[in-house]
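# Examining the three-dimensional arrangement
Here is how the chains run, residue by residue.
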Amino acid sequence: MKKTHSPPTKMALSGGSLCCRLSLQRIGLFQHNWKSTGHYFPNTYLQSRLSPCRQYKASDSSQGIGRHVSSRLQVANVKYENFLKRKFPRFYKLYRTFTEGFKLLFQDGKEVSRIQTRLVTGKVTWEDLPYREMERLRQFRRDLIKAIPLVVISIPPFANYLVFVLMYYFPRQLLVRHFWTPQQQLEFRGFYHSQRAGHTGAVLQGIQDTGYQVKDSRLQSRLQDLCTQVQNGAHPKVADIHGVRALFSGPPLGMKRMNVEHMRHICPLLFLTPRLPGFLIGRRLNSHALELLLLDRALRRLGHHQLSDSELKQACYVRGLNSDDLDANQCREWLSQWLQVTAPLKGNEGSLLLHSMILLSANYPRRFGGQ
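Right, let's walk through the structure included here.

Let us now look at the overall build of the protein chain. The secondary structure content of the protein chain amounts to 15 helices and zero strands. A total of 371 residues make up the protein chain; the buried ones form 36% of that total. Sequence-distant contacts in the protein chain: of pairs separated by 6 or more residues, those separated by 24 or more amount to 64%. Counting every atom, the protein chain has about 22500 Å² of accessible surface; 59% of that belongs to carbon and sulfur.

As structure tokens, then:
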């Protein structure tokens, strides 16, 4: 009797072996891909759905840790400041001045960087800068030169304690205005002004002695009268200063014609050191005179009535007047007269601008000569 079920069995066996071979080929294919590419993703679809979740969770977790650490540091900092305020109030005052000073210095640095970028890219020239931006650049350069040693000292760990000691004992010599208390700002501004005011007599005497070299008798008489007027306590008129304008663009009082000793007495007016060779002193004085001349032009474009009271006092102080004891109206009046003096001046007449710092500020607000 023949077996009728053998063909299906053979078909099943052959089908099973076929599936087995297909499975082995699939495995071999995956192995080949893994070896060739270095990756093996048996569940590509599942991974593509799950990987964004995993990335989101990792990113969210790291952000959560960062926020936690930041909040903990803020809490610790507040506790530390409260401890200093309770136990060491004087040290806490220095600490606050130090931290707030660095914040102000950093803000000025960011603003100056933005202005410098505009200058470098050619979007604006130095002559076309607005007054406030030009003044910020001028002041920041001076502050940066003085602040570099302090920044270098504070870089090593725990060096800020040494900076605190320096702040306490040598604030005027080592720190810039960002790190001064309001009381210190008034005190130090008064000190620096007294130093430059101490050269008023020497500058006036130098003008008077140089006046004898003037060959034009009319100009010589005007210059002598102007010096005598200021020496006797009178405040000169704008017309009196413009009357001797020609003597400050060439010999004997032009920037390149002044004797070195006379230039050394002018240096403190701009808070410059006179302990340099004569040719360097002349270059620095000329550079600062041109800078002030451009500042005056920018200020006239803005209008000095647009300045705040603090900006007004600072503008007068930079130009030689001790403005801390004057009210806003007096500062505005003096600055208006200053701008009248410098309005017609050209680049080669910077010497008259520098001497006007003495002529206009020596006796203000005492005004016997009138305007």
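Our next topic: the side chain of asparagine 363. If you trace the backbone, asparagine 363 turns up in the segment after helix H15 (350–359). Within the structure, the side chain of asparagine 363 is placed 3.0 Å from the backbone oxygen of valine 230, a separation counted as a polar contact.

Applying the stated criterion across every chain yields a total of 13 salt bridges. For arginine 114, the salt bridge goes to glutamate 133, with nearest N and O atoms at 3.2 Å. Of this pair, arginine 114 sits in helix H3 (residues 89–120) while glutamate 133 sits in helix H4 (residues 131–153), and the two are 19 residues apart along the sequence. Via salt bridges that share partners, Asp108, Arg136, Asp143 and Arg177 belong to a single interconnected network.

Time to look at a nonpolar patch on the surface. Together, Leu162, Val165, Tyr168, Tyr169, Phe170 and Leu174 give the surface a local cluster of nonpolar side chains, amounting to about 590 Å² of exposed area. Take the nonpolar patch: its biggest share by element is four residues, from helix H5 (residues 160–169). Checked against the element boundaries, phenylalanine 170 lands in the loop between H5 and helix H6 (171–174). Looking at phenylalanine 170, the relative accessible area reads 42%, which means it is partly exposed.

As a further point, take the nonpolar core. Membership of the largest hydrophobic core comes to 78 residues, with the highest contact counts inside it found for Leu285, Leu335, Trp338 and Leu354. Here this core takes nine residues from helix H12 (residues 278–302), the largest share from any one element. Discounting residues that sit within four places of it in the chain, leucine 354 has contacts with Met255, Ile266, Leu269, Leu270, Leu285 and Ala289.

Right, let's talk about H3 for a bit. Counted at 1.5 Å a residue, the expected span for H3 with its 32 residues is 46 Å, and the 46 Å between its end C-alpha atoms agrees. Listing the buried residues of H3 in full gives Tyr92, Leu94, Tyr95, Thr97, Phe98, Gly101, Leu105, Asp108, Val112 and Ile115. Just downstream of H3 lies glycine 122, where phi reads positive at about 80 degrees.

We now examine the packing of helix H8 (residues 200–211) against H15. Running from amino to carboxyl end, H8 crosses H15 at an angle of 125 degrees, the nearest separation of the two axes being 10 Å. Relative to H15, the element H8 is oriented oblique. Crossing geometry of H8 relative to H15 is assigned as left-handed. Residues Thr200, Val203, Leu204 and Ile207 of H8 lie in contact with H15, whose contacting residues are His355, Ile358 and Leu359. Per-class residue counts for the contact of H8 with H15 are five nonpolar, two polar and no charged.

When the terminal C-alpha atoms of helix H7 (residues 182–197) are compared, their 22 Å separation across 16 residues agrees well with the 22 Å that a helix rising 1.5 Å per residue should span. Taken together, the buried positions of H7 are occupied by Gln184, Phe188, Arg189, His193 and Arg196. Buried residues in H7, looked at end-on, bunch into an arc of 160 degrees, giving them a common side. The outward face of H7, more than 90 degrees from its buried face, is lined by the exposed residues Gln183, Leu186 and Glu187. As for H7, its buried residues are in contact with H6, H8 and helix H13 (309–318).

Below, the discussion takes up the packing of H3 against H4. Running from amino to carboxyl end, H3 crosses H4 at an angle of 125 degrees, the nearest separation of the two axes being 10 Å. Overall, the two elements H3 and H4 adopt an arrangement that is oblique. The element H3 and its partner H4 pack so that their crossing is left-handed. Residue-level contacts link Phe102, Leu105, Asp108, Gly109, Glu111, Val112, Arg114, Ile115, Gln116, Arg118 and Leu119 of H3 to Glu133, Arg136, Leu137, Phe140, Arg141, Ala147 and Val151 of H4. Taken together, the residues of the contact of H3 with H4 break down into nine nonpolar, two polar and seven charged.

Conventions and cut-offs
- Residues numbered from 1 in each chain as written.
- Predicted model: local features only at pLDDT ≥ 70, side-chain atom pairs only at ≥ 80, totals over all residues.
- Heavy atoms only, no water.
- Helix = DSSP H or I, 4+ residues; strand = E, 2+ residues; numbered from the N terminus.
- Buried < 20%, exposed > 50% of the residue type's maximum accessible area, 1.4 Å probe, protein only.
- Contact = heavy atoms within 4.5 Å.
- Areas by Shrake-Rupley, 256 points an atom, 1.4 Å probe, with all protein chains shown as cover.
- Polar contact = N/O pair within 3.5 Å; in protein donor to acceptor, adjacent residues only side chain to side chain.
- Salt bridge = Lys/Arg side-chain N within 4 Å of Asp/Glu carboxyl O.
- Patch = residues over 30% accessible without salt bridge, like charges linked within 9 Å, V, L, I, M, F, W, Y side chains within 5 Å.
- Core = buried A, V, L, I, M, F, W, Y, C linked by side-chain atoms within 4.5 Å.
- Expected span 1.5 Å × (residues − 1).
- Axes fitted to C-alpha atoms, helices over the stretch in contact; angles between N-to-C directions.
- Parallel < 35°, antiparallel > 145°, perpendicular 65-115°, else oblique.
- Left-handed = near helix turned anticlockwise from the far one by under 90°.
- Nonpolar A, V, L, I, M, F, W, Y, C, P; charged D, E, K, R; others polar.
- Arc of directions from axis to C-beta.

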